[in-house]
Amino acid sequence: MELCYQLPVLPLDRPVPKHVLSRRGAISFSSSSSLFGAPDPRQLSQRRGAISYDSSDQTALYIRMLAVTNKTIKPSFVFTPGACVIFKQLFSRDVRVRSQVGFEPERRGSHPYLGVDFRTLHSRAESAGSIPARRIRRLFSFQRHLLSSRLLRGAPHLNPLHILDEDYCGQAKCMLEKVGTWNFDIFLFDRLTNGNSLVFLTFHLLNQYGLIELFQLDMVKVRRFLVLVQEDYHNQNPYHNAVHAADVTQAMHCYLREPKLAESLTSFDILLGLLAAVTHDLDHPGVNQPFLIKTNHYLAALYRNTSVLENHHWRSAVGLLRETELFSHLPAEDSLGIERQLGSLILATDITRQNEYLSRFRTHLDENDLCLGHASHRHFVLQMALKCADICNPCRPWELSKQWSEKVTEEFFHQGDIEKKHKLEISPLCDSEANTIASVQIGFMTYVVEPLFAEWARFSDTRLSQTMLGHLGLNKASWSAMDPETSGSSEEGESEPGRPTEEPSSRALSQGSQET
């Protein structure tokens, strides 16, 4: 049993060599595993079972149990040699819809017409001698987990390598003490946590709000849920990855601490808000909804071209909640209620409904009829807070906002390159030859971000709201200075106040669809 918790986690979105898949029931380590106190690989090779998956069938897990030849061992269950049990992870409706539109079940996440694998869409080619950064992070995480396990058992340190880990943990802990500040550097925090910023940040917030104790959550299930969520984000995506989810969660925490919300929100509202922020872009493929629709992706057919990505994020989150049984101790009605309200929050991030939510929010503020004592009004405010957190990057300090702008534009342009390659109509803002980072950001700030945060400042006129609007104005001025065409057109716009704005607005909404 001691070997179980020492085994590192192998994510299902990483390719497995064929020679590993063909093994008959052995989990082996390289010789470097001895650095981490792992047992002799020759002992592991004597195992009589294995759990693996076939790279050609990402929808199934294969569990092989070989017959035991040692007569001294009496297994509880008898399997024939080479017996294989397959556990499918697809819903029947999912399989039925994909069969109707001509999809092969074993090609999950790929489009048969284009041959695009969304799991590797934004991955970069690595040199033969280089070690992937993600593998290094996993190595350090495994080392840290092994160290903590030894400390719990009272075992002495075997090597001095833990000193470096403790140094990084200490810096990350110091950053968490200021997690409520608006200039929180999520990129630095992600480096200090070896790429586990979403897990560490969310677990800290759940504990800080006292939600784990209040709702009697199993800490093992909570951590397993957060790890699975982080794994389901595609870290190959320049923008829609686990770091973005962690950044949105930190922003949501800042909004939850605003006086109006802190005085009225219940612990259940706070739990829903944090879970929605963590999972709002779960399993994002790195392309926008129009791309999925015009390539006849099965998700577009499944959700009838309506809030395709948002519905997928919600269903993926529900699947992980049920898989980890995070709320299994609650009554079934309460669990279903959590899932429904979680979906309502995530679906609110659909940019195609931006005007609907913004108009409703403005009407409430004009009539001054928002009563946070009503559960429905509190839920609506949570929806608006999540929408603000999702697109708050232009309101961050310039050093952080610039990095996010470059990342999201890189993702746009990569999609445009895919569309050019397959002779498809290039989506707005995705043509690297016709757009620049500055022009994309200025349009997005003007027609999407500014109207939303202006109304949020009317609702919560605090120092944080004024700080966000201040950063937004400075960042917009910085991008305008980098784009002579935009600055020239803005001067013309001052002399022509009646100039139509329909075209920039549609382009901005297209970017918002990608970001949310």
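Bear in mind the structure is a predicted one, so any value in this text is a computation, not a measurement.

A. Region of the structure containing the overall build of the protein. Tallying secondary structure elements over the protein gives 23 helices and five strands in all. By residue count, 47% of the 516 residues in the protein fall in the buried class. In the protein, once contacts between residues fewer than 6 apart in sequence are set aside, the share between residues at least 24 apart is 73%. With the model as given, the accessible surface of the protein reaches about 25900 Å², and the carbon-plus-sulfur share is 55%.

B. Expanded view of the nonpolar core. Formed by 100 residues in total, the largest nonpolar core has its most connected members in Trp 182, Ile 186, Tyr 255, Phe 453, Trp 456 and Phe 459. Broken down by element, this core gets its largest block of residues, eleven residues, from helix α20 (residues 437-459). Taken domain by domain, this core gets at least three of its residues from each of domain 1 (197-290 + 298-388) and domain 2 (392-483). Contact partners of Ile 186, with chain neighbours within four places excluded, come to Ser 197, Leu 201, Val 243, Ala 246, Asp 247 and Trp 404. Listed in part, the eleven residues of the second largest apolar core include Leu 292, Leu 299, Leu 302 and Ile 418.

C. Summary view of the pattern of salt bridges. Under the criterion given, the structure shown has 13 salt bridges. In this structure, Asp 247 and Arg 396 form a salt bridge, with 3.2 Å as the shortest nitrogen-oxygen distance. You can see Asp 247 sitting in helix α10 (residues 242-256) and its partner Arg 396 sitting in the loop between α18 (375-390) and α19 (398-421), a full 149 residues away along the chain. The exposure classification of Asp 247 matches that of Arg 396, with both residues buried. In this structure, Arg 322 engages Glu 339 in a salt bridge whose closest nitrogen and oxygen atoms are separated by 2.9 Å. Taken together, the residues span a long stretch of sequence, with Arg 322 in helix α15 (residues 308-324) and Glu 339 in helix α16 (residues 332-347) at a distance of 17 residues. Residue Glu 339 is classed as buried on the basis of its relative accessible area, which comes to 11%. Ionic contacts of the salt-bridge type, sharing partners, join the residues Arg 362, Asp 366, Glu 455 and Arg 458 into one network.

D. View of the UniProt feature "binding site: Zn(2+) 1" (unreviewed entry) in the protein. According to UniProt, the positions carrying the feature "binding site: Zn(2+) 1" (unreviewed entry) are His 244, His 280, Asp 281 and Asp 390. A compact arrangement is adopted by the annotated residues: their sequence extent is 147 residues, whereas the largest C-alpha distance between any two is 10.1 Å. Within the element layout of this structure, His 244 appears in helix α10. Judged by relative accessible area, His 244 falls into the buried class, the value being 0%. With respect to the helices, strands and loops of the structure, His 280 is situated in the loop between α12 (267-279) and α13 (289-294). If we skip the residues at most four places from it in the chain, His 280 touches Tyr 233, His 244, Ala 245, Val 248, His 313, Ile 346 and Asp 390.

E. View of the packing of aromatic side chains. This model, assessed by the stated rule, comprises ten aromatic pairs. We note Arg 315 situated over the ring of Trp 314; from NZ or CZ to the ring centre the distance is 4.1 Å. We note Arg 396 situated over the ring of Trp 182; from NZ or CZ to the ring centre the distance is 4.0 Å.

Rules of the game
Counting restarts for each chain, with residues numbered from 1 along the sequence as it is written. pLDDT decides what is reported in this predicted model: residues at 70 or higher carry local features, side-chain atom pairs at 80 or more are listed and counted, and totals for whole chains, interfaces and linings draw on all residues regardless. Hydrogens and water molecules were not included; the side-chain quantities draw on all heavy atoms of the structure. Secondary structure elements are taken from DSSP: a helix is a run of H or I of four residues or more, a strand is a run of E of two residues or more, and numbering for both begins at the N terminus. The cut-offs for exposure are 20% and 50% of the maximum accessible area for each residue type, with area from a 1.4 Å probe on protein chains only; residues under the lower value are buried, those over the upper are exposed, and the others partly exposed. Note on contacts: a residue pair qualifies if any of its non-hydrogen atoms lie within 4.5 Å across the two residues. A 1.4 Å probe and the Shrake-Rupley method give the accessible areas. Residues count as covered only by the protein chains that appear here. As used here, the term nonpolar core means buried Ala, Val, Leu, Ile, Met, Phe, Trp, Tyr and Cys residues forming a set that is joined through side-chain atoms within 4.5 Å. Here the bounds of each domain stem from an automatic or database domain assignment. Within this document, salt bridges are pairs made up of a side-chain nitrogen of Lys or Arg and a carboxyl oxygen of Asp or Glu, the two lying within 4 Å of each other. UniProt positions are given in the numbering used here, feature names are shortened, and annotations may be inferred rather than shown by experiment. Aromatic rings from Phe, Tyr and Trp, with only the six-membered ring used for Trp, were paired whenever their centres fell within 6.5 Å, and each pair was classed as stacked if the ring planes differed by under 30 degrees, edge-to-face if by over 60, and tilted otherwise. Both a distance and an angle decide whether a charge sits over a ring: NZ of Lys or CZ of Arg must be within 6 Å of the ring centre and within 35 degrees of the ring normal.

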